[in-house]
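# Examination of the molecular architecture
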Amino acid sequence: MVDVAVICGSASDGPIAEKVFTVLKEHRVSYDYRVISAHRDPERLDDYVKGSDARVFIAIAGLSAALPGVVASKTRRPVIGVPVSGKLMGIDALLSIVQMPKGVPVACVGVDNGENAGLLAVRILGAGQA
């Protein structure tokens, strides 16, 4: 069992994922890392999310940033979205993540802010602790 599943929509999002890994390692939180596009490989994403035993998902994506919402539509576990900067300085990705419809919640951290995604996951995992 892993605590956090970190999913990037593209290998180019790897530097943001590295920021997440640094925080999770500092807090001794186990994680699994995958690169799976919600657009190019939806079946693989579906299989991964449904088969994962992770307690929290972190989904890192730019442009249309559909990945966090798609992950959230497939699980009742917490999903943290990390928008990645791109042509519009990440505003397009940010808006895509924060504008989820009612019933499909996704937490969202700042653009390129893998550190805060890792810290939020740590807090979620420790919910109820002083």
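Now for a look at the structure at hand. (Residues numbered from 1 in each chain as written. Predicted model: local features only at pLDDT ≥ 70, side-chain atom pairs only at ≥ 80, totals over all residues. Heavy atoms only, no water.)

## Describing the environment of glycine 62
With respect to the secondary-structure elements, glycine 62 resides in strand 3 (residues 56-62). C-alpha separation for the pair glycine 62 and aspartate 92, spaced 30 residues apart in sequence, amounts to 7.8 Å. Once residues lying within four places of it in the same chain are set aside, the contact partners of glycine 62 are Asp13, Val84 and Ala93. (Helix = DSSP H or I, 4+ residues; strand = E, 2+ residues; numbered from the N terminus. Contact = heavy atoms within 4.5 Å.)

## Observations regarding the pairing of strand 1 (residues 4-8)
With five of its five residues buried, strand 1 lies for the most part within the structure. With burial as the criterion, each face of strand 1 is covered, one bearing Val4, Val6 and Cys8 and the other bearing Ala5 and Ile7. Here strand 1 runs beside strand 2 (residues 31-35); their pairing, made up of five bridges, is parallel. Paired with cysteine 8 across the bridge in strand 2 is valine 35. In this fold, strand 1 hands off to helix 1 (residues 14-26), which returns the chain to strand 2; that crossover is right-handed. Looking at chain direction, strand 1 and strand 3 are connected through five bridges and run parallel. Pairing of isoleucine 7 across the sheet is with alanine 59, part of strand 3. (Buried < 20%, exposed > 50% of the residue type's maximum accessible area, 1.4 Å probe, protein only. Pairing = 2+ DSSP bridges. Right-handed = clockwise from strand over helix to strand, strands pointing away.)

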